[in-house]
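One letter stands for each residue in the lines below.
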Amino acid sequence: MSVKQSDYETLLSEYSNRSGAIALLKQYRPYLELLPSMRRPQQSLITIPLPVVKLRHSKAASGDLREAIQLPCDVAILTCDPEWKIKMATEILVFIHRPGEDFSELLGRWRKTQVYLDKEYEWFMPLREQHMLSEGIAKIYPLFIVFETTPWRIQRGLAGSDLPFLIQISESELDPPEEMSQVALD
């Protein structure tokens, strides 16, 4: 059995939400401990689904050139100081196993992200966080999400590459969160 598009979309939407991102980090404690405040975790992170960064390329004659690119990760979780409202130097990049994706493609997305973020960059922030300084040059941490139906070779490859991953259950086994049944969509 393979990964279904609806399973991927469900996790992408879940981890795009701050409470979903915190629930994800609780499953991988070393990354949960990277949050600046455990008393105020909702205010200690920013989630950016399908993130875009502005890369800065230096050109001696014409000054800096900037190029906006979409990173090949699925969600960026940026840590921020809840009191000072500034972005911290820790960035967690979530890679969700996509339908039809094999190990080399999944690992390739991480490698491309490493290459992009090796330069100076700036995040395109969500509207309510646009006031924050969003310059990069941080410590980036990958977190891979696979499904029970993900081929074993992908899990084995991630383990062999010493990359952290979590196994999630598919959408068909999940019930919608209670708070979603009470939320009115505007």
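Scroll up a little and you will see the structure.
Scope of this entry: the structure provided in the associated data block. (Residues numbered from 1 in each chain as written. Predicted model: local features only at pLDDT ≥ 70, side-chain atom pairs only at ≥ 80, totals over all residues. Heavy atoms only, no water.)

### Comments concerning the side chain of T90
Within the element layout of this structure, T90 appears in strand β5 (residues 86-96). With relative accessibility at 15%, the residue T90 sits in the buried group. Once residues lying within four places of it in the same chain are set aside, the contact partners of T90 are L34, I77, L78, T79, A138, K139 and Y141. (Helix = DSSP H or I, 4+ residues; strand = E, 2+ residues; numbered from the N terminus. Buried < 20%, exposed > 50% of the residue type's maximum accessible area, 1.4 Å probe, protein only. Contact = heavy atoms within 4.5 Å.)

### As for the sheet that holds strand β4 (residues 75-81)
Ordered by their spatial adjacency, five strands build an open sheet running β1-β4-β5-β7-β8, and the pairing between neighbours is mixed. Two strands in the sheet have a free side with no partner beyond their single neighbour: β1 (45-49) and β8 (165-168). Here the average twist between neighbouring strands, direction ignored, is 25°. Two elements, β5 and strand β7 (residues 139-147), share seven bridges in a ladder whose sense is parallel. Following the sheet pairing, I92 is matched in β7 by Y141. Contacts from helix α4 (residues 103-116) reach β5 and β7 within the one sheet, and its direction differs from that of β5 by about 155°. (Pairing = 2+ DSSP bridges. Axes fitted to C-alpha atoms, helices over the stretch in contact; angles between N-to-C directions.)

### Things to note about the pattern of salt bridges
Per the stated rule, a full pass over the model turns up nine salt bridges. R66 serves as the salt-bridge partner of E122, at 3.5 Å between the closest nitrogen and oxygen. Taken together, the positions of E122 in strand β6 (residues 120-123) and R66 in strand β3 (residues 63-70) put the pair 56 residues apart, joining distant regions of the chain. Between R153 and D102 there is a salt bridge; the shortest N-O distance is 2.9 Å. One end of the pair, R153, is in helix α5 (residues 152-160); the other, D102, is in the loop between β5 and α4, and 51 residues separate them in sequence. By relative accessible area, R153 is classed as partly exposed at 41%. On the basis of relative accessibility, which here comes to 28%, the residue D102 falls in the partly exposed class. Among the charged side chains, a network of salt bridges with common partners joins R56, R66, E120 and E122. (Salt bridge = Lys/Arg side-chain N within 4 Å of Asp/Glu carboxyl O.)

### Quick word on helix α1 (residues 5-16)
Spacing of three or four residues puts side chains on the same side of an α-helix, whose turn is 3.6 residues. Taking 1.5 Å per residue as the helical rise, α1 with its twelve residues ought to reach 16 Å, and the 16 Å between its terminal C-alpha atoms agrees with that figure. Buried within α1 we find D7, Y8, L11, L12 and Y15. All buried residues of α1 lie within an arc of 130° about the axis, which places them on one face of the element. The secondary structure elements touched by the buried residues of α1 are α2 (18-27), β1, β4, β5, β7 and β8. (Expected span 1.5 Å × (residues − 1). Arc of directions from axis to C-beta.)

### Quick word on the side chain of T113
Note on placement: T113 falls in helix α4. T113 gets classed as buried once you look at its relative accessible area, which sits at 0%. Discounting residues that sit within four places of it in the chain, T113 has contacts with L71, P72, C73, L93 and F95.

### Regarding unusual backbone geometry
The backbone of L50 sits at a positive phi, close to 45°, despite the residue not being glycine. Take L50: its relative accessible area is 35%, and that puts it in the partly exposed class.

### Some thoughts on the packing of aromatic side chains
Within the structure shown, the criterion is met by five aromatic pairs. On the basis of an interplanar angle of 80° and a centroid distance of 5.9 Å, the ring pair of F95 and W110 is categorised as edge-to-face. Here the residue F95 occupies a position in strand β5, and W110 occupies one in helix α4, the gap between them amounting to 15 residues. On the basis of relative accessibility, which here comes to 0%, the residue F95 falls in the buried class. Looking at W110, the relative accessible area reads 5%, which means it is buried. In this structure an aromatic cluster arises from ring pairing among Y28, Y31 and Y141. (Phe/Tyr/Trp six-rings, centres within 6.5 Å; stacked < 30°, edge-to-face > 60°.)

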